[in-house]
Amino acid sequence: MTSPPDPSNQAPWLVPWCDARVLHVDSRVLVVDKPSGLPVHGGNIALAEDVVTRLAAWLTARGEASYLAVHQRLDQGTSGVLFLLRDAELNKAVSEEMEAHRSERRYLAVVSGASAILDKRGSQLFEDRLLTKKAHGQIRVELSPRGKPARTRCRVLKRVGRRALLELYPETGRTHQLRVQLASRGFPILGDTVYGGEPASRLLLHCQSLSLASLDLHAEAPTPELFSDALSAEPADAHDDSPQHSMPRGNALGRCLDDALSRRWPLRESCDALRLVHEYGDGLPGVSADAYGKWVALSVYTPEALEQAPFIADHLLARGFAGIYLKQRVRADLRRKDQQELAPNAVFRGEPAPADLHVREGQLSFLVDPTDGLSTGLFIDQRDNRARVLGSAANLRVLNLFSYTCSFSVAAAVGGARETVSVDLSGRYLAWGEQNLVLNGVAGPQQRLLKADAADYLRRAKKRGESFELIILDPPSFGSHGKKSFSIQRDYKALASDALSLLAPGGRLLAVTNHRKTSLERFQRWLEEAALEARCQIASLRPSPTPHDCPPWTAAESGQRGARANQAISPTKAVWLTRH
C-alpha cells in the first residue's frame, strides 16, 4: 500500500492566486481582477475553489492576516474588478455606500442581436423590475411587476454585424441584472447559456472599473482579448469543425497558462498527476498539458498550437517544472504517421525524466513514462473514476477490458476486490500493469493479467458462464490487430452488449469513450440499446462528472455534431450503468 500524500511535497507551480491578477493591496482593501469561471464564494467546498478562500490562502502565504469581507459580487462567469475589505472597521461605511448605489461600476459586454436599440447613439437608460426565482438549486431572473427595480445605463461602443460591444453602468445591484436586461431587449450576452446567448468559451461580461468614494479607490482591469476576437468573429456554425476562437499569444498566452495553473490549486494535496491545460476549457484551443510530477506531456492538436509550443514549454519551465515532452496529436490514422516525429523520445525543453518515474493519486501510485510515444501509461482524465472504483470494489470480482497499464485494476485491488481480471492485447502494457500492482503492494494470484482480444475474451467468458460485479469498458476510438479492426462508432454497442451479459444482478459497468465526435446522448443511447440486446434491465444510467482539471467546453467550440451548441461537453465521456 502506498503512503498518503505528503503536504510538504506540494507542487510550487500550483498557487491559490496569480500575482498578476492583484490590482491593489494595502491594509484596508484587496482588489483583484477576477477570472471568469470562479465563484466569489461558495462553489465546491471540498475543492476550496471560490475566490475568497483562494485569496485568504494567498494572504496567509504572504504572512498576512487572512480576514476578508465581501461587499461586491460578480457572477461566476463574469470577470473583472472585485474588491474585498481587509479592515473590519470599514465595513459599515462601505456597506452604506454600496446599498445607496453611490459606487460607480463600469462593465463591458459583447452581445448579439438585430435590435434597433443597438443602432442608437448616446447613453440609454434601461429600467425594469426583476424577480428572482430558485428551482432545483438553480437561479433564474425574469421581468415581473412584482420584482425589484433595476436601472442600467448603456452605451454602444462598437458594432460589427449583429454583434456589439456595450458599456454598462448599473445603478442598482440585482442578481443577473445586466444579463436579464440585455437579453429581454433582444441582445443577450455571448456565452450566456441561461438567457439565450450565442455559444462562447465564457460569459463575455467584464467589470472593467470600479470607484468607491468611501475608500478613495479607483481600480481598472484590462479587457480580455477574447472580447475583441468575439466582436469580429462570425457566429459558430453547427457544422463547422474548426476552432471557434483563436489561441492567445505573448503576454495573453502566459496569463492564460498562469490562470490554468491557479485553477488546479485545489488538487495540490491529492495528486501530482493532473491536467494543467484542457484545451477550450482553459481558453487554449488545440493545447493540453499533463503534469507527471515535475515533468509535462505537452500535446498540440493544431498548427497554431504547435507554433506556440516553445513559448508554452518555456513558460512552464519558468514556473518550476523540470522538463517538457512534446506530443503532436494529428487527428488521422496514426498507422501512417512516424511516431518518433509526432512524439520524440527526447525531451523538448528542460531535463529528461527519470526511467522509474512514478506519480501519486490519492492512495495510489503509478509508473509513467512521458517518452512512451503518444501515451504515458496513465489517463489523467479517469482519476475520479479510479477513486470511485477504489471506494466501491470491496469483495467484488472485477473485469478490466482494454486494461492498458491496469490502473483501474490497481484501484480495485487496493479497494479490496476479491479478484481482478485485466485483459489487453499488449504484453508490454500488461507487464507495466504488473509493475503497478507491485508498486501498490497488491500483486498476487488474485490479480489475473490476460493477453487477449477483449471481444474474443467476452465471447469465451460468456460461454463459460462467468460473472462479474464490476466491469470497466474503456476501448480506444480506433484499433487494429492483424486483419481485425475496431471502431467505436461501429463496434462499441456490440462490445457493451457482450460485457453486460457478464454483469451480475446489481453489478455496475463503467463505460468510457474518448471519441470526441460521439455526443454523450448518443453514447448513452448505445448503452441502452446494448442492454436491450443483452436482456439486461438497467436500474440507473448516470454520466460521470468531469474532473476539476478537465473543465468542459461547449459543443460549438469543439465542432461536435449532434449536440446543442451551448451544451457543456467533455472530449471523454464516462457513464456508470447499474444493472437491476
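The numbers attached to residues start from 1 for each chain and follow its sequence in the written order. Since the coordinates come from a predicted model, pLDDT governs what is reported: local features require at least 70, and pairs of side-chain atoms require 80 or more to be given and counted, while whole-chain, interface and lining totals use all residues. Think of the side-chain values as coming from all heavy atoms in the structure, minus any hydrogens and water.

Peer 1: Describe the sheet that holds strand S22 (residues 468-473), listing the residues and the values that go with them.
Peer 2: Ordered in space as S21-S20-S19-S22-S25-S29-S26, the seven strands form an open sheet in which the pairing is mixed. Here the strands that pair on one side only, and so sit at the sheet edges, are strand S21 (447-451) and strand S26 (538-543). Neighbour-to-neighbour, the strand axes of the sheet open up by a mean angle of 15 degrees, direction not taken into account. By the bridge criterion, six bridges tie strand S25 (residues 503-513) to strand S29 (residues 573-579) in an arrangement that is antiparallel. Paired with Val 512 across the two strands is Ala 574, which belongs to S29. By definition, residues are in contact when any of their heavy atoms lie within 4.5 Å. Comment: axis = line fitted to C-alpha atoms, over the contacting stretch for helices; angle = value between 0 and 180 degrees taken between N-to-C directions. A helix here means a DSSP run of H or I that spans at least four residues, while a strand means a run of E at least two residues long, and both kinds are numbered starting from the N terminus. Relative to the sheet, helix H11 (residues 454-464) contacts strand S19 (397-401), strand S20 (419-424), S21 and S22, its axis offset from that of S19 by approximately 145 degrees. Seen against the sheet, helix H13 (residues 520-533) touches S25, S26 and S29 and runs at an angle of roughly 160 degrees to S26. Any two strands with at least two DSSP bridges between them are considered paired.

Peer 1: Before we move on, can you summarise the pattern of salt bridges with the specific residues and values?
Peer 2: Here, a salt bridge means any Lys or Arg side-chain nitrogen found within 4 Å of an Asp or Glu carboxyl oxygen. Enumeration over the complete set of coordinates arrives at 40 salt bridges. Its salt-bridge partner being Glu 469, residue Arg 418 comes within 3.3 Å of it at the nearest N-O pair. Of this pair, Arg 418 sits in the loop between helix H9 (407-414) and S20 while Glu 469 sits in strand S22, placing them 51 residues apart in sequence. Glu 469 gets classed as partly exposed once you look at its relative accessible area, which sits at 23%. Glu 419 serves as the salt-bridge partner of Arg 448, at 3.4 Å between the closest nitrogen and oxygen. Of this pair, Arg 448 sits in strand S21 while Glu 419 sits in strand S20, and the two are 29 residues apart along the sequence. Given the relative accessible area of 17%, Glu 419 is considered buried. Sharing partners across several salt bridges, the network here consists of Arg 397, Glu 419, Arg 448, Arg 464 and Glu 466. Three labels apply to residues, based on accessible area from a 1.4 Å probe with only protein chains included: buried if under 20% of the type maximum, exposed if over 50%, partly exposed otherwise in between.

Peer 1: Give a description of the pairing of strand S2 (residues 29-34) that names residues and reports values.
Peer 2: Two faces belong to every sheet, and in a regular strand the side chains alternate between them. The buried count for S2 comes to six of six residues, which makes it a mostly enclosed element. The alternating pattern of S2 places Val 29, Val 31 and Asp 33 and Leu 30, Val 32 and Lys 34 on opposite faces, both of which are buried.

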